[in-house]
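What the coordinates show
Listed below, chain by chain, are the residues.
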Amino acid sequence: MSHRAPEAEHLPALAAPGGELDRLVREGARTVGAGAVWAVGDAGGTLGGGSHGTLGQGRYARLVPGPDTRYDLASLTKVVALWPCAGVLWQSGRLPLDEPLGRWWPPAAGRPVGAVTVRQLLAHTAGMLPYTRFEQLYGRERSAIRAGVLAAPLHRAPGAAVEYTDRAAVLLGYLVEDLGGAPLDALAARWTWRPLGMADTRYGPLGAAEAARTAPTEYHEPSGAHLCGVVHDPSARLLGGVSGNAGAFSTARDLARFLAAVLAPPAGLPWGGPWITESLREQTGGLAPARGLSWLFAAGTDPAEGTFVHYGFTGTGCWVSRRQGRWALLLTNKVHYDRTVQPLTDLRNAFRRAVFG
């Protein structure tokens, strides 16, 4: 059920220190069991934000999160790195959205993935396998994983269903690198992070100084330590830390710059207005759950309201509404403690209702 959104002039008060959002996140973080950083804003930037709790257990219990704490974005990588790169290629005429891959991208010719389109990959309607299992299926060599992803059978007919899968982003990452002529991390930095001044955002593995202000994720048995500055996602880790589906690290400070740019792209940004307009509309032909390109319509909202969200498995999330002219982000490292999802889902939904209705 949709709730009435606060009026724009009420957002600064809502986001003030000790205000409704701060109380909501403070209490919610206690229930979730992980520290949290939050912020809300509009096209002009951040209107307010805060942080609560500690970064983790053991030696991390002495550290508190803040706007400059790096988080493993997990699947937020799909919108912060991959999606804008796809937009640059589309706006420059190099990335057709509706032509089956096999007709114009040689690696897909004669393969099952040759039948799918870029639009279907971005909307998660391509019918690709719903799991990765790269090491089990293809081994540890990156070239073998790429070959395996390209050769894999489809799970269902393209366009038949909305089924979220990391394979779509991994495949699209390969395509973007081929067309862009550079690794995905270099393209994301060139086309998005540097132009927007996102100095804290990069793919890992991070150096020791950078990892020192990074939120830890899960305990990693082989290394005998919590992952910190090394991507949590096992598929991205197999691919050297750089993938379309996961691998980027960022801060609330940088994500605020990114989300403000989605609302008001600066002049000269190579994935500006046309790509954002194309992406932030319903792309799934009435299939549920309704999605745009990369972005998902926020649960509990009417698609007509145009409130979009993307989450990351580690505990990250961000929302944007062009109609309301506002954005929000909530960063936690929930998997550092456990994989119990419901408390974080409840906090995310309460936070979304408070900001967007």
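First things first, this report covers the structure right here in the doc. Worth saying up front: this structure is predicted, and the values here are computed from it rather than measured.

The subject of this paragraph is the overall build of the protein chain. If you tally the helices and strands in the protein chain, you get 13 helices and eleven strands. Against the globule reference of 21 Å for 357 residues, the protein chain gives a C-alpha radius of gyration of 19 Å, in line with a compact fold. Expressed as a percentage of the 357 residues in the protein chain, the buried residues total 56%. Considering only intrachain contacts with a sequence separation of at least 6, the fraction spanning at least 24 residues in the protein chain is 66%. Carbon and sulfur atoms provide 53% of the accessible area of the protein chain, an area that totals close to 13800 Å². On the protein chain, the mean spot of the 35 positive side-chain charges and the mean spot of the 29 negative ones are 2 Å from each other.

Glancing now at the sheet that holds strand β10 (residues 316-321). In spatial order, the strands read β2-β1-β11-β10-β9-β8; together these six strands make up an open sheet with antiparallel pairing. Since the sheet does not close on itself, it has two edges, and those belong to β2 (45-52) and β8 (296-297), each with one partner. Where β10 lies against strand β11 (residues 326-332), six bridges are found, and the strand directions are antiparallel. For W319, the partnering residue across the bridge sits in β11 and is A328. The strands touched by helix α13 (residues 342-356) within the sheet are β1 (36-42), β9 (307-312), β10 and β11, with β11 carrying the most contacts at an inclination of about 160°.

Turning to the packing of aromatic side chains, a few remarks are in order. Counted according to the given criterion, the structure contains twelve aromatic pairs. Each ring, one from W38 and one from F351, has its centre 6.4 Å from the other, and the planes form 70°; the classification is edge-to-face. Pair noted here: W38 is in strand β1 and F351 is in helix α13, with a separation of 313 residues, a long-range link. By relative accessible area, W38 is classed as buried at 1%. Taking the centre distance of 5.3 Å and the plane angle of 45° together, the rings of W90 and W275 count as tilted. Taken together, the residues W90 in helix α3 (residues 77-91) and W275 in helix α12 (residues 273-279) connect sequence positions 185 residues apart. The rings of W83, W90, F258, W271, W275 and W295 are connected pair by pair, giving a single aromatic cluster. It is R133 that lies over the ring of Y131; its NZ or CZ is 3.8 Å from the centre. The cationic tip of R146 hangs over the ring face of Y174; the distance from NZ or CZ to the ring centre is 5.2 Å.

For the rest of this paragraph, the subject is the nonpolar core. Counting residues in hydrophobic clusters, the biggest one holds 79 residues, and the most contacted among them are F258, W271 and W295. In this view, W295 contacts V79, W83, F258, L259, L280, F308, V309, H310, C318 and V320; residues no more than four positions away in its chain are not counted. The next biggest cluster of nonpolar side chains, apart from the first, holds 24 residues, and it includes V32, A34, A328 and L347.

Helix α8 (residues 184-193) sits mainly inside the fold: seven of its ten residues count as buried. The complete set of buried residues in α8 reads L184, L187, A188, A189, W191, T192 and W193.

Bringing the pattern of salt bridges into the picture now. Applying the stated criterion to the full structure yields 15 salt bridges. D98 is paired through a salt bridge with R119; the nearest N and O atoms lie 2.7 Å apart. Of this pair, D98 sits in the loop between α3 and α4 (118-123) while R119 is found in helix α4, placing the two residues 21 residues apart along the sequence. A single network of salt bridges, built from pairs that share partners, joins D98, R119, E278 and R281.

Attention now goes to the state of the cysteines. Working definition: the covalent bond between the sulfur atoms of two cysteines is a disulfide. Per the counting criterion, the structure on display carries zero disulfides. The cysteine C318 is free of any disulfide, with C85 supplying the nearest cysteine sulfur at 16 Å.

Moving on to the pairing of β10. The buried fraction of β10 is high, at six of six residues. Burial along β10 is two-sided: T316, C318 and V320 and G317, W319 and S321, pointing in opposite directions, are all buried. Sheet topology places β9 next to β10; six bridges connect them, and they run antiparallel. Counted as the bridge partner of T307 is S321 from β10. The loop that links β10 with its antiparallel partner β11 comprises four residues; one of these, G325, has a positive phi angle of about 65°.

The three strands lie next to each other as β3-β7-β4, forming an open sheet whose pairing is antiparallel. Whereas interior strands pair on both sides, the edge strands pair on one side only; in this sheet they are β3 (71-72) and β4 (202-203).

As a further point, take unusual backbone geometry. The amide bond that connects G204 to the next residue, P205, takes the cis arrangement and shows omega of 0°. When you line up the elements, P205 lands in the loop between β4 and α9 (208-211). Between A288 and the following residue, P289, the backbone shows a cis peptide bond with an omega angle of -5°. Mapped onto the elements of the fold, P289 is located in the loop between α12 and β8. Phi angles above zero are rare outside glycine, and A74 is one such case at about 55°. Position of A74 among the secondary structure elements: in the loop between β3 and α3. On the basis of relative accessibility, which here comes to 7%, the residue A74 falls in the buried class. Of note, H124 is a non-glycine position whose phi angle comes to about 60°, a positive value. By the element assignment, H124 lies in the loop between α4 and α5 (134-138).

Rules used throughout
- Residues numbered from 1 in each chain as written.
- Predicted model: local features only at pLDDT ≥ 70, side-chain atom pairs only at ≥ 80, totals over all residues.
- Heavy atoms only, no water.
- Helix = DSSP H or I, 4+ residues; strand = E, 2+ residues; numbered from the N terminus.
- Rg over C-alpha atoms; globule rule 2.2 N^0.38 Å.
- Buried < 20%, exposed > 50% of the residue type's maximum accessible area, 1.4 Å probe, protein only.
- Contact = heavy atoms within 4.5 Å.
- Areas by Shrake-Rupley, 256 points an atom, 1.4 Å probe, with all protein chains shown as cover.
- Lys, Arg positive; Asp, Glu negative; His and termini not counted.
- Charge placed at Lys NZ, Arg CZ, Asp CG, Glu CD.
- Pairing = 2+ DSSP bridges.
- Axes fitted to C-alpha atoms, helices over the stretch in contact; angles between N-to-C directions.
- Phe/Tyr/Trp six-rings, centres within 6.5 Å; stacked < 30°, edge-to-face > 60°.
- Lys NZ or Arg CZ within 6 Å of the ring centre and 35° of its normal.
- Core = buried A, V, L, I, M, F, W, Y, C linked by side-chain atoms within 4.5 Å.
- Salt bridge = Lys/Arg side-chain N within 4 Å of Asp/Glu carboxyl O.
- Disulfide = S-S within 2.5 Å.

Purely geometric stuff here, so don't read any function into it on its own.
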